[in-house]
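What follows is each chain in one-letter form.
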Amino acid sequence: MPQIIDGKRISQEIKDELRDKVAALKEQGKEIALAVIQVGEDPASSVYVRNKKRACEYIGIKSLSYEVPESTTQEELLAIIDECNKNPECNGILVQLPVPKHIDEDTIIRAIDPKKDVDGFHPMSVGALTIGEPGFVSCTPAGIIQLLKRSGISIEGKECVVVGRSNIVGKPMALLLLRENGTVTICHSRTKDLREVTKRADILIAAIGKPKFFDASYVKEGAVVIDVGIHRNENNKLCGDVDYDDVAPHCSAITPVPGGVGPMTIAMLMNNCVESAEMFGE
Ligand code: NDP
């Protein structure tokens, strides 16, 4: 049987460590605050925002809540971000994506002060990651590195294959694995003979957004498989990009969905927020 990588347990471990850190910072008179900005009432976004605020409360981070209507203009949203950029009490700024269509996502991301860019999406943060300088890292891939490390899985020298090249998952994932001295290949929708490439992987990261796409024929015997996908099937049950039942018997370790990568994203957001306060807080 493979090792089941328990994201619920590991994310809880990280949140508990952060809670202790935040309590110690409070004793030194340092309060931490995260601005959580949501435009409109998209139900999925509302769930994410609620969960992020809950995590803040658990850890002892104050959340500065901005819930503004769908009709909010880009200028109005930029004014809120500017206010948060200037607010010395605010350590991190999170704009829940996607924003409504009349607002340009890139303009919003670029407006956030890189010192408060706890999502790690600003070009300055991405550039820092690329050249190996300190900066905030996108939360989902950062969480995957923690899952691997805290499960005792070494990355150095391993053949790592990342399937998916989005700016928030695939690309930063590949850079982080490279930083950990993995040998990294990135695949995408134009990759020829995907199976042949993924079959080489010691560590396979599946992040394409297609339910149960990867069956056992994509996986090398004994590989570590990390499933980033989240989907709801026709029975409202969650599943990932990996056909878990088919793939698990062939792996040395695998993340389940739910309870694998998912819980790590919020834990790493909290981590970035605490790091921001430690590095730049007044
Ligand atoms: P995107 O849709 O932005 O990117 C998907 C990537 O997969 C693209 O690079 C695309 O290639 C590639 N791709 C699509 N189909 C194939 C295929 N058949 N073969 C090879 N490559 C393919 O998705 P995200 O990166 O944002 O998210 C990926 C998944 O992860 C989604 O299911 C999402 O819900 C989930 N997710 C989970 C999170 C979590 O916290 N657990 C957080 C973020 C995302 P190309 O570039 O050529 O189009």
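Residues numbered from 1 in each chain as written. Predicted model: local features only at pLDDT ≥ 70, side-chain atom pairs only at ≥ 80, totals over all residues. Heavy atoms only, no water.

Residue-level account of the site of the ligand, with values.
In the vicinity of the ligand lie 22 residues, with Arg165, Ser166, Ser189, Lys210 and Thr265 positioned nearest. Contact between the ligand and His188: a nitrogen atom at 3.5 Å from a main-chain N or O atom of the residue. Expressed as a share of its isolated accessible area of 930 Å², the protein-covered part of the ligand is 71%. Of the residues that constitute the shell around the ligand, the class distribution is 10 nonpolar, 10 polar and two charged. (Near = heavy atom within 4 Å. Polar contact = N/O pair within 3.5 Å; in protein donor to acceptor, adjacent residues only side chain to side chain. Areas by Shrake-Rupley, 256 points an atom, 1.4 Å probe, with all protein chains shown as cover. Nonpolar A, V, L, I, M, F, W, Y, C, P; charged D, E, K, R; others polar.)

Tell me about the environment of Lys115, and please be specific about residues and values.
Relative to the assigned elements, Lys115 resides in the loop between helix H4 (105-111) and helix H5 (123-131). Linking Lys115 and Ala277, residues 162 residues apart in sequence, is a C-alpha distance of 9.4 Å. Setting aside residues up to four positions removed in sequence, Lys115 forms contacts with Asn91, Phe136, Ser276 and Phe280. (Helix = DSSP H or I, 4+ residues; strand = E, 2+ residues; numbered from the N terminus. Contact = heavy atoms within 4.5 Å.)

Lay out the packing of helix H2 (residues 43-59) against helix H10 (residues 262-280) in plain terms, naming residues and giving numbers.
What describes two packed helices is the angle between their axes and the distance between those same axes. Viewed as axis vectors pointing N to C, H2 and H10 meet at an angle of 55 degrees, and their least axial separation amounts to 10 Å. Judged on the interaxial angle alone, H10 and H2 are oblique. Seen along the crossing, H2 lies across H10 with a hand that is right-handed. Each of Asn51, Lys52, Ala55, Cys56 and Ile59 in H2 lies in contact with H10, whose residues at this interface are Ile266, Leu269 and Met270. When its residues are assigned to classes, the contact of H2 with H10 shows six nonpolar, one polar and one charged. (Axes fitted to C-alpha atoms, helices over the stretch in contact; angles between N-to-C directions. Parallel < 35°, antiparallel > 145°, perpendicular 65-115°, else oblique. Left-handed = near helix turned anticlockwise from the far one by under 90°.)

Lay out helix H7 (residues 170-179) with the relevant residues and their values.
All of the buried residues along H7 are Gly170, Pro172, Met173, Ala174, Leu176 and Leu177. On its buried side, H7 packs onto H5, helix H6 (139-150), strand E5 (159-163), strand E6 (183-187) and strand E7 (203-206). One or two positions beyond H7, positive phi appears at Asn181, with a value near 70 degrees. (Buried < 20%, exposed > 50% of the residue type's maximum accessible area, 1.4 Å probe, protein only.)

Requested: an account of the sheet that holds E6, with residues and values cited.
An order of E1-E11-E8-E7-E5-E6 is seen for the six strands of this open sheet, with the pairing classed as parallel. Across the chains shown, the open sheet's two edge strands, defined by having one partner strand only, are strand E1 (3-4) and E6. When E5 meets E6, the two strands line up parallel, connected through five bridges. Each bridged residue has a counterpart across the sheet, and for Cys160 the counterpart in E6 is Val184. (Pairing = 2+ DSSP bridges.)

Describe the pattern of salt bridges, listing the residues and the values that go with them.
In total, this model carries eight salt bridges according to the counting rule given. Residue Lys21 pairs with Glu278 through a salt bridge whose shortest N-O separation is 3.9 Å. Here the residue Lys21 occupies a position in helix H1 (residues 7-27), and Glu278 occupies one in helix H10, the gap between them amounting to 257 residues. Overall, the relative accessible area of 40% leaves Lys21 in the partly exposed class. One salt bridge in this structure joins Asp82 and Lys86, with 2.8 Å as the shortest N-O distance. In this pair, Asp82 and Lys86 both sit in helix H3 (residues 74-86), four residues apart, roughly one turn of the helix. Among the ionic contacts, a cluster of salt bridges with common partners joins Arg9, Glu13, Glu17 and Arg150. (Salt bridge = Lys/Arg side-chain N within 4 Å of Asp/Glu carboxyl O.)

Account for the nonpolar core, with residues named and values stated.
Leu34, Ile61, Leu148, Leu177, Ile205 and Met270 are the most contacted members of the largest nonpolar core, which totals 50 residues. For this core, the element with the most residues is H10, which contributes nine residues. What Ile61 contacts, discounting residues up to four positions off in sequence, is Val22, Ile32, Ala33, Leu34, Cys56, Met270, Cys273 and Val274. (Core = buried A, V, L, I, M, F, W, Y, C linked by side-chain atoms within 4.5 Å.)

Before we move on, can you summarise the sheet that holds strand E2 (residues 33-39) with the specific residues and values?
Pairing within the open sheet is parallel, and its three strands lie in the order E3-E2-E4. Each of the sheet's edge strands pairs with one partner strand only, and the pair in question is strand E3 (62-68) and strand E4 (92-95). Looking at each pair of strands side by side, their axes are set apart by 15 degrees on average, direction ignored. As paired elements, E2 and E3 share seven bridges and run parallel to each other.

An account of the environment of His102 is needed here, citing residue identities and associated values.
Residue position: His102 is located in the loop between E4 and H4. For the pair His102 and Phe121, spaced 19 residues apart in sequence, the C-alpha to C-alpha distance is 20 Å. Polar contacts involving the side chain of His102 include one to the main-chain carbonyl oxygen of Thr72, which spans 2.7 Å.

Run through the packing of aromatic side chains, naming residues and quoting values.
A full pass over the atoms with the stated rule returns four aromatic pairs. Pairing Phe136 with Phe280 gives two aromatic rings, centres 6.5 Å apart and planes at 70 degrees, and the pair type is edge-to-face. Residue Phe136 is located in the loop between H5 and H6, and its partner Phe280 is located in helix H10; the two are separated by 144 residues in the primary sequence. For the ring pair Phe214 and Tyr218, a centre distance of 5.2 Å and an interplane angle of 80 degrees mean the geometry is edge-to-face. Classification of Phe214 by relative accessible area gives buried; the value is 0%. One aromatic cluster is present, built from ring pairs that chain together Phe213, Phe214 and Tyr218. (Phe/Tyr/Trp six-rings, centres within 6.5 Å; stacked < 30°, edge-to-face > 60°.)

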